[in-house]
Amino acid sequence: MADAQIKAKVNQKLIESGEYERLSQYLRQKLIENGWYEQVTELASDTLRAQENPNFEKLVDLVEPEALALVPEFVKVELLGMIKRFLEDIVD
Amino acid sequence: MSTVIVSRAPPSNNANNKRASPSPRSSASLSSSSKRKLSVSSGPSDQSGNRAVARKTVPGAASSAHESHGNSSTMKSNGTANGNSTASPKSDGKFSSGVGIMSGINVDRGLVPQAIGCVHVKQLLSSPSQELALKSYRQAVRVALELRDRTTDISAFQVRRCRTCNELLTTTFMCLQCPSVGCKKSKHAEAHSRDVGHIFGIDSRSGNIYCFACKDYVYNYTLEKIRGEREDLLEAKKLKKRHQMTSELSPDDKQLVELNSKAPPCQAGLRGFQNMGSTCFMSVILQSLIHNPIIRNDFLSGSHDSKRCQRENCLGCRIDEIFTEFFTSPTTTGYGPALLLTTSWKTQRSLAGYSEQDAHEFLQFILDQLHATSDAKSSSDVDYCGCIVHRTFCGQLQSDIVCPNCRNVTVTIDPLMDLSLELRDRKLDASRILGLQQCLEKFTSPEKLETKYMCSFCSTRQEVTKQLTIKRLPLVLSIQLKRFEHALKSNKIDDHVPFPMQLDMTPYTTNSRSKKRYVYELFGVVCHQGKINTGHYTCSMKNREGLWFNFDDAVVTLSSEKQVLKSRAYLLFYIIKELS
């Protein structure tokens, strides 16, 4: 249960310090710049068009794995680094 | 302009559709017109598709990384303008390309599978608990949307947390019928729906409704209207405007407006220009003005009344006439801008004749003329001129000249109407053609000037460093890619110069470290094919619904973002994404 408490505290710090917002915006920007949104939208559109009875959950099942794979490696690395640095700052 | 164009609310399900949506006759005339080819290309992007499905436009509204599906789009789909003449706005299936009218096909709704809403929502809204359901939905939507923007307020996250696992940073559903809130990821919301039989969840970030029985987000017109109203209200608050015109009119005024106005023809503003002898350079620039939301809104609001204007050879009147014609006439054949031509020739003799001119030069000419013929122009500083041209296009360019000896910086600020960018970095690699952002980077990077200047501060001749940055960004950014080189031999760079749909201009501003982001969205591309002197201009423009069209003189065809991004751009038009 101590884990849950720690997680709750971390989340609280994340949100209140504005770091969550910063990280989100940064991620969004990187994904836009690297054409990820366009790629995934195209993938989703194509997948939807092929579905006879379009369904959201089915769409997610089909698209999510590839969408995650399409995220450029350097973005993952950078973001993980930013999260790590944040954690180092707040956890002693 | 004598006709008032009134933006109508989307038609309600059981409203009289004859007035609200364009009649099927218009679609028939569009597709049968021989002079104008309207073809629906095989893969139009589903721009105006179902809101509940992952949207095309980049989410600007939700500010967290874990996207709630079905964000409101920044370019709202206005149900009327291209609505099919059937009851609900998008009745030809979820993947309406938004151009049902264009294809001239009337979909037989009996044959289309139930793509709108679900039986469960329908049942709910026709049952006796209808009122209660709507009230609950309204409240839930208000909570979801108002909390969404409070990104550093922990209590906002607490309200939306999953009551089972207490997770804060994950998609959750608020139950429509009770105060329960459950997360999506660990299926706690699903568990609730199974255990208690409450099958409707409201997405706690977007307000979209999810049916656990259908395991799908569902689109229901009534509910979507409620959600949309709350979105509009919030956006209006952000713009510090508390009035929404249509709801502020008294019933008498409303009647007066409706009796005296005509619905705009379908796809108003979408029309080609006849080529009247190498006039394609004009057509493309005119299209860029017609599709420029700020210029368009200004002319359509009647700021230059061609019937009252007393000026001779007034280009403002000519442009106003074109706007009137394009937005009120149901004709779809190419427009021959004869009057505009003669007025242009009378104003600038060099335009007369049948030779091809440079589109960029024509843009500068026409903007100059629109300024000159504007009633709103200021006589002094162009930087702060009140005419629509300067209010739209004029920014400021700052030039910093640094003396390496005394470090004195000479700052000059000049008005900026457009950016002309070099496509090569001669110092680095003259053979490589840069992408747009790289061109901008080069444009705004410090450059050591070859000729020595006399520094007035330390009185020595020095090789100074000059740096250009944008001090004030205009609302609409027009960019010219310098494809025409006039070195020893005139040469045209025909290579593809990559450019983005969304452009963040912040790094190129004077205060580039600012936390505020200045993001622009592409709405127009002018292309030139052929050699330097003998060539042809075409363009691609984005309309109000976010659809891209190609304009080749009088021929207008549906395009797509993908196609546009591949084009060999010469001129690019970007508009600021948010006015806040």
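Summary of the structure given here. Predicted model only: the values in this text are computed from it and were never measured.

## Quick look at the pattern of salt bridges
Residue and element names in this part refer to chain B.
- Enumeration according to the criterion identifies 26 salt bridges over all chains in this entry.
- Its salt-bridge partner being K492, residue D494 comes within 3.2 Å of it at the nearest N-O pair.
- Residue D494 is classed as partly exposed on the basis of its relative accessible area, which comes to 34%.
- Taking the relative accessible area as the measure of exposure, K492 reaches 14% and is therefore buried.
- What you see here is one network of salt bridges that share partners, running through R148, E224, R227 and E231.

## A closer look at the packing of aromatic side chains
- According to the stated counting rule, one finds 18 aromatic pairs over all chains in the structure shown.
- For the pair B:Y210 and B:Y217, a centre-to-centre distance of 5.1 Å together with 80° between the ring planes defines the contact as edge-to-face.
- In textbook terms, an aromatic cluster arises when at least three aromatic residues are bridged by ring pairs, as seen for A:F56, B:F173, B:Y210, B:F212 and B:Y217.
- The aromatic ring of B:F157 is capped on one face by B:R160, whose charged end is 5.0 Å from the ring centroid.
- One residue, B:R271, lies across the ring of B:F326, its end atom 5.5 Å from the ring centre.

## Brief notes about the sheet that holds strand 11 (residues 447–448) of chain B
Residue and element names in this part refer to chain B.
- Spatially, 4 strands are ordered 7-6-14-11 in an open sheet, and the strand pairing comes out antiparallel. In this open sheet, the two strands that pair with only one neighbour each are strand 7 (409–416) and strand 11.
- Here 2 bridges tie strand 11 to strand 14 (residues 465–472), and the two strands are oriented antiparallel to one another. Note that in strand 14 the partner of K448 across the bridge is T465.

## Re the nonpolar core
All names here are of chain B.
- One finds I285, I319, I322, F362, V526 and Y537 to be the most contacted residues of the largest nonpolar core, which totals 50 residues.
- The leading source of residues in this core is helix 11 (residues 280–290), at 8 residues.
- With 34 residues, the next largest nonpolar core counts L416, L421, Y508 and V564 among its residues.

## Observations concerning helix 14 (residues 338–347) of chain B
- When we look at burial in helix 14 of chain B, the residues that qualify are B:L340, B:L341, B:T343 and B:S344.
- On its buried face, helix 14 of chain B is in contact with helix 11, helix 13 (315–328) and helix 15 (359–372) of chain B.

## Re unusual backbone geometry
All names here are of chain B.
- Although it is not a glycine, S278 sits at a positive phi angle of roughly 55°.
- The topology assignment puts S278 in the loop between helix 10 (251–259) and helix 11.
- One non-glycine residue, R407, lies in the positive phi region at around 65°.
- Within the element layout of this structure, R407 appears in the loop between strand 6 (395–402) and strand 7.

About the cut-offs
All residue numbers refer to position in the chain's written sequence, counted from 1. Naming scheme: in the order in which they are written, chains are lettered from A and ligands are numbered from 1. Note on the predicted model: pLDDT of at least 70 is required for a residue's local features to be given, and 80 or more for side-chain atom pairs to be given and counted; whole-chain, interface and lining totals, by contrast, use all residues. To get the side-chain values, all heavy atoms of the structure are used, and hydrogens and water are removed first. Throughout this description, the term salt bridge denotes a Lys or Arg side-chain nitrogen within 4 Å of a carboxyl oxygen of Asp or Glu. Partly exposed residues are those whose accessible area sits between 20% and 50% of the maximum for their type, while under 20% is buried and over 50% is exposed, using a 1.4 Å probe and protein chains only. For this analysis, a ring pair means two rings from Phe, Tyr or Trp (six-membered ring only for Trp) whose centres lie within 6.5 Å, classed as stacked if their planes differ by under 30 degrees, edge-to-face if by over 60, and tilted for the remaining angles. A positively charged side chain is recorded as over a ring if its NZ (Lys) or CZ (Arg) lies within 6 Å of the ring centre. The angle to the ring normal must also be within 35 degrees. A pair of strands is treated as paired once DSSP finds two or more bridges between them. Numbering of helices and strands runs from the N terminus, with a helix taken as a DSSP run of H or I at least four residues long and a strand as a DSSP run of E at least two residues long. By nonpolar core is meant a set of buried Ala, Val, Leu, Ile, Met, Phe, Trp, Tyr and Cys residues that side-chain atoms within 4.5 Å join together. Contact criterion: two residues are considered in contact whenever any of their non-hydrogen atoms come within 4.5 Å of each other.

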